Amino acid sequence: LDTLEETDPGKSAAESMSTHLEDVIKFRVIVITNGQLSKRVKKLKLKEIRGKETTLEIWDLERLKELEESGSENEPFSVDFKSMCGGLSALSAHSSGNKAEIKSYMCVMPATVLSDLYNEFGQRLLESNVRTFLDFRSNVNKGIRTSLLTEPENFFAYNNGLTVTASSIKTEKKGAALLITELENMQIVNGGQTTSAIYFAPKDKGRIASGQEYKDIDLNKIFVQMKLSIIGDKEQSDLMKSSISRFANFQNSIQSADLVSNHPFHLRLETLSRRMVMPASADTGLQSKWFYERARGQYSTLKRSKTPSQAKKFEVEFPKKQFFVKTDMAKFENTWEMRPYEVTQGAQKNLKLHGSRIAAAFDRNEDDFREPFYRNLIAKAILFKESDSAILKSDWYQADRGYKAQVTTFTIALLRHLLKQDNLDLNLKRIFDNQALSDTLRSQILELAQFVRNKITDEAFRGGVANISEFCKKEIAWQKFQKTDYDLAVIAKADTLSSSQVESISYGEEEDKKAGKQIEDLEAIMNISTNEWQAIADYFVSKGFEASHDNVSIPRLCTKVSSGKLPTERQAKVALRVRRDALAGDFLFVEKK
C-alpha cells in the first residue's frame, strides 16, 4: 500500500484486501496471460505470503481455449487419491455385470483427505451442491463444529455423509481390498456443509465455554461415509446430479411421530412412570408402579441387570401386567378420544396417526402432559386392559370368537359417546384410585360389547362391506355407531362425572401441573453441573451484564445447589430461561472428561 500512488488502479484493490488479512487462511495467486506456456503447468507452490500457504495458478491462452471448447462452465479436473492417501478404500455397490453408464460405490473418506481436497479445489468441488458454505451461524453447522471438537470418534455415526459424483474412475486391487486411485470431475452433490465445516472448523479461532479450542480439532480421528456414483455421459450426469440434489435435500420431512422414542413427550412419560407410585391394589394391598417402555427392551434389560433377589423386588415394583409400550399408549389414548377406526388400522399406523397429534399438542403446551395426564393415562390403560380381558372371558365371546380388538376399542369409544350425549363422562379418577374397574362398569362394558359385536358382524349394518376388519378401519363405521340408540342401564352414578365435576377436577389438575413443573425445574437445575452454571455467569459478564443482573446472579446462585442451597420457584424459572438464552446465542459448554 505504501508503494502505490493514489491514482493507481491497484490501490483500491489492495485496500479492500488489506481489511481481510487477519482472517486469511491461504493465498491463491492467479496469473492470466494471452501468451502460451512452452510447458504445461497449472499450479505452482510459492513462498508463503504473511506466513500463509500460497499457490500460483497460470491460465494461458491454451488453457482458456480448452475451457471454452469443453462447453463446461468449469475446468475439468482430476483427483489423485493415490498420491493423497495411497488410494481410497471402497466397496462396489453395483453388480459386476452392470454395463450401465452409472456405477456406484460406498467409501469411507478420512477427514484429513476431505480437508486437503477442499484446500486444493475449494468451491469447484461444490459446484453441483445446492448451497455454498453457510458459515457457523446456522445451528446445524455449529453442531457439526462441536461434534468435531468434542466427539470426533462418533462423528461417523452422527453425520449423514457425502453424496458424490464423478465422470470416470480408476481403481486397483490391494489384496482383497478395492482402492480408488483417481476420480475425474469429482462433485460433492450433497454434504457441502460437512465438507466446508471439516475444512474451516480447525482454523476457527474460537473456543467453547468449557475451554476447548476449535484449533485443537484432530481430523485424524474423523471419518465420513461417502456414496459415490460414476456417470460417464455428460448430459446424463447433469440430469443425475440435479436428481440426486433434489432427492437428497427434499425428502419427506421427518415428523415427530417418526422419531417417536426420543420426542420429549415420551421422555416425559418414561420419567413419570419411574417416579409415580400407584394407589395400593385391592388384590395385593401393595403399592406399585406402571412401567412405560419408551425404547424396546428396557424392561427386560433392567431386570436382567439385577441379582435374583433384586429382580423379584423389581417385579413387585413394576408388575409385568403393568407394563406398556408406545403402541399401547396410542391405543389407550385414541380409544379414549373416540377414534376406534384409527386404532383398528394396526399398532404402528395408529401410533403414527396419534403420535403426530400428541407431539404437536406437547409442543404447544407441555404443561398439559404432567402428573394429571399420566394418572388419567393409567386409568385409560386399566379401562382398556380390563375391558379387553373381560370380553375375552365372556360366555358370548367364547361361544363365537373373533374381532376382539375391534370390539374392545369400539365399545369404549361408544360408551363415552353415549355418556357425552347426556353431558356425562367416565370417572377416570375412580378407576385410578381403585386401580381397577368397578363391577357395575365392567358389567356395562360387557353388555355394550355384545351389542357392538352383533353390529359389526351384521352385513346390513356394514352396508354391504364384506370384510369386517376393513369395515372397522373406516370412519364411516364409527359414524354408523354414533347414530345407534342404546340405553346404558347398568352403569352406576359413581362410574360417571357430570360436566361440573369434570370442571372441578380440571381445576385441581392445574394445581398439580404447577407442582409438577416446580419439581421438574429443580431436577433440571440439579442435573446441570456447577461448572456449566459458572460458565453461563461468566458468559453474560463477557457480554457486559452487571454482577447484579439476573443473567449473572441467578446462574451463580445455581452453583451452590450441590451444597444444599436451592433456588426459589421464581429463581428456578429464571435460571432455566437464562440458560436457554445463552444457548440460543453463541454459548456452548461441554463438560471436560
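The sections below set out a description of the structure shown in this document. All residue numbers here refer to positions counted from 1 along the written sequence of the relevant chain. Only residues with pLDDT of 70 or above have their local features reported here, since the model is predicted, and side-chain atom pairs are shown and tallied only from 80 upward, although totals for entire chains, interfaces and linings are computed over all residues. Side-chain calculation: all heavy atoms of the structure are included, whereas hydrogens and water are not.

**Side note on the side chain of threonine 559**
Then, in step 1: Tracing the sequence through the fold places threonine 559 in the loop between α24 (550-558) and α25 (569-584).
Then, in step 2: Given a relative accessible area of 16%, threonine 559 falls into the buried group.
Then, in step 3: Here a polar contact means two N or O atoms within 3.5 Å. Within protein one must be a hydrogen donor candidate and the other an acceptor candidate, and residues neighboring in sequence count only if both atoms are side-chain atoms. A distance of 2.4 Å separates a polar atom in the side chain of threonine 559 from the backbone oxygen of arginine 556.
Then, in step 4: Throughout, a contact is declared for two residues whenever any of their heavy atoms are within 4.5 Å. Excluding anything up to four places from it in sequence, threonine 559 contacts Thr530, Trp533 and Gln534. For helices the rule is a DSSP run of H or I covering at least 4 residues; for strands it is a run of E covering at least 2, with both sets numbered from the N terminus onward. Each residue is assigned to one of three classes by its accessible area relative to the maximum for its type, calculated with a 1.4 Å probe on protein chains only: buried under 20%, partly exposed between the two thresholds, exposed over 50%.

**Let's talk about the packing of aromatic side chains**
Then, in step 1: By convention, a stacked pair of Phe, Tyr or Trp rings (six-membered ring in the case of Trp) has centres within 6.5 Å and planes under 30 degrees apart, an edge-to-face pair has planes over 60 apart, and any other such pair is tilted. One pass over the structure, following the stated rule, counts 29 aromatic pairs.
Then, in step 2: Taken together, a centroid distance of 6.2 Å and an interplanar angle of 70° make the contact between phenylalanine 291 and phenylalanine 314 edge-to-face. Of this pair, phenylalanine 291 sits in strand β12 (residues 291-293) while phenylalanine 314 is found in helix α11 (residues 308-317), placing the two residues 23 residues apart along the sequence.
Then, in step 3: Using a relative accessible area of 5% as the deciding quantity, one classes phenylalanine 314 as buried.
Then, in step 4: With centroids separated by 6.1 Å and ring planes inclined at 75°, the aromatic side chains of phenylalanine 461 and phenylalanine 471 adopt a geometry described as edge-to-face. Taken together, the positions of phenylalanine 461 in the loop between α19 (439-456) and α20 (468-472) and phenylalanine 471 in helix α20 put the pair ten residues apart, joining distant regions of the chain. Summarising the burial analysis for this pair, phenylalanine 461 and phenylalanine 471 share the class buried.

**A closer look at the packing of helix α12 (residues 326-336) against helix α15 (residues 371-393)**
Then, in step 1: Between α12 and α15, the least distance of the axes is 9 Å, while the angle of their chain directions is 90°. By the angle between their axes, α12 is roughly perpendicular relative to α15. Touching Met329, Lys331, Phe332, Glu333, Thr335 and Trp336 of α12 are Phe373, Leu377, Lys380, Ala381, Leu383, Phe384 and Lys385, all from α15.
Then, in step 2: When residue character is reported, Ala, Val, Leu, Ile, Met, Phe, Trp, Tyr, Cys and Pro are called nonpolar, Asp, Glu, Lys and Arg charged, and the others, Gly included, polar. Its residues placed into classes, the contact of α12 with α15 shows eight nonpolar, one polar and four charged. Axes here refer to lines fitted to C-alpha atoms; in helices the fit is confined to the stretch in contact. Angles between the N-to-C directions go from 0 to 180 degrees. Note on angle classes: values under 35 degrees are labelled roughly parallel, values over 145 roughly antiparallel, values of 65 to 115 roughly perpendicular, and the remainder oblique.

**Observations concerning the sheet that holds strand β2 (residues 43-45)**
Then, in step 1: For two strands to count as paired, DSSP must find a minimum of two bridges between them. The sheet built from three strands is open, its strands ordered β1-β3-β2 with mixed pairing. The sheet terminates laterally at β1 (26-32) and β2, the two strands that pair on one side only. Neighbour to neighbour, the strand axes of the sheet diverge by 25° on average, direction disregarded.
Then, in step 2: Note: β1 against strand β3 (residues 53-59), seven bridges, orientation parallel. Counterpart to valine 31 in the pairing with β3 is isoleucine 58.

**Examining the packing of helix α17 (residues 404-421) against helix α21 (residues 475-482)**
Then, in step 1: The geometry of α17 relative to α21 is characterised by a closest axis approach of 10 Å and an angle of 45° between their N-to-C directions. Classed by the angle they form, the pair α17 and α21 counts as oblique. For the pair α17 and α21, the sense of crossing is right-handed. When α17 is examined against α21, the residues Phe410, Ala413, Leu414, His417 and Gln421 are found in contact with a partner set consisting of Ala477, Trp478, Phe481 and Gln482.
Then, in step 2: Across the contact of α17 with α21, the residue classes break down as six nonpolar, three polar and no charged. Helix crossings get a hand from a simple test, with the near helix turned counterclockwise from the far one by less than a right angle marking a left-handed crossing and a clockwise turn marking a right-handed one.

**A closer look at the pattern of salt bridges**
Then, in step 1: By salt bridge we mean one thing: a side-chain nitrogen of Lys or Arg within 4 Å of a carboxyl oxygen of Asp or Glu. Within this structure, the stated rule accounts for 35 salt bridges.
Then, in step 2: A salt bridge links glutamate 213 to lysine 215, with the shortest nitrogen-to-oxygen separation between them at 3.7 Å.
Then, in step 3: Here lysine 215 falls in the exposed class, since its relative accessible area comes to 55%.
Then, in step 4: For the salt bridge of aspartate 388 with lysine 404, the shortest nitrogen-to-oxygen distance reads 2.8 Å. Taken as a pair, aspartate 388 in helix α15 and lysine 404 in helix α17 lie far apart in primary sequence, 16 residues in all.
Then, in step 5: Salt bridges here are not isolated pairs; linked through shared partners, they connect Arg268, Glu366, Asp367 and Arg370.

**Some remarks on helix α9 (residues 264-275)**
Then, in step 1: Look at α9: 16 Å from first C-alpha to last across twelve residues, which is about the 16 Å you get at 1.5 Å a residue.
Then, in step 2: Within the span of α9, buried status applies to Phe265, His266, Arg268, Leu269, Glu270, Leu272 and Ser273. To estimate the expected span of a helix, subtract one from its residue number and multiply by 1.5 Å.

**Description of a nonpolar patch on the surface**
Then, in step 1: A surface patch of nonpolar side chains, about 380 Å² in accessible area, is lined by Ile30, Ile32, Leu61 and Leu64.
Then, in step 2: Where the nonpolar patch is concerned, the elements lending two or more residues are β1 and α2 (61-70).
Then, in step 3: Along the chain, isoleucine 32 falls in strand β1.
Then, in step 4: By relative accessible area, isoleucine 32 is classed as exposed at 65%. Two joining distances apply to patches: 9 Å for like charges and 5 Å for nonpolar side chains (Val, Leu, Ile, Met, Phe, Trp, Tyr), and every residue must have over 30% relative accessible area and no salt bridge. For every accessible area listed, the method is Shrake-Rupley and the probe measures 1.4 Å; residues are considered covered only by the protein chains on display.

**Looking at the layout of surface pockets**
Then, in step 1: Only protein atoms enter the 1 Å grid used here, on which a cavity is any set of points holding a 1.4 Å probe that cannot leave and a pocket is any open set flanked by protein within 12 Å on both sides along at least five of seven lines; residues with an atom within 4 Å of a point are listed as lining. Grid points are joined across faces, edges and corners, and a volume is the space filled by probe spheres set on the points. By volume, the largest pocket is sized at about 810 Å³.
Then, in step 2: Pro372, Asn376, Lys380, Leu428 and Glu509 are the residues nearest the centre of the largest pocket, which is lined by 28 residues in total.
Then, in step 3: Only α12, α15, α17, β14 (424-426), α18 (428-434) and α22 (499-526) provide two or more residues apiece to the lining of the largest pocket.
Then, in step 4: In terms of residue count, α22 provides more of the lining of the largest pocket than any other element does, eight residues in total.
Then, in step 5: The residue inventory of the lining of the largest pocket, partitioned by class, reads eleven nonpolar, three polar and 14 charged.

**What about helix α14 (residues 347-364)?**
Then, in step 1: Under the 1.5 Å per step criterion, the end-to-end length of α14 is 25 Å for 18 residues, consistent within 8% with the ideal 26 Å.
Then, in step 2: Largest kink in α14: about 25°, centred on glycine 355.
Then, in step 3: Turning to α14, its buried residues number three or more, namely Asn350, Leu351, His354, Gly355, Ile358, Ala359, Ala361 and Phe362.
Then, in step 4: Looking at the buried side of α14, the elements it contacts are α9, α12, α13 (340-343) and α15. Fitting one axis to the seven residues ending at a residue and another to the seven starting there, the bend at that residue is the angle between the two axes.

**Observations concerning the nonpolar core**
Taken as a class, soluble globular proteins show a tendency for nonpolar side chains to be buried jointly.
Then, in step 1: Nonpolar cores were defined as sets of buried Ala, Val, Leu, Ile, Met, Phe, Trp, Tyr and Cys residues, with membership established by side-chain atoms within 4.5 Å. Counting 58 residues, the largest nonpolar core has Phe324, Tyr374, Leu383, Leu415 and Leu441 as the members making the most contacts within it.
Then, in step 2: Top element by residues in this core is α15. It accounts for ten residues.
Then, in step 3: Apart from the residues within four sequence positions on either side, phenylalanine 324 is in contact with Trp290, Phe291, Tyr292, Glu293, Met329, Phe332, Tyr374, Leu377 and Ile378.
Then, in step 4: One finds Ala90, Ile144, Val164 and Ala166 within the second-largest nonpolar core, a separate group that totals 42 residues.

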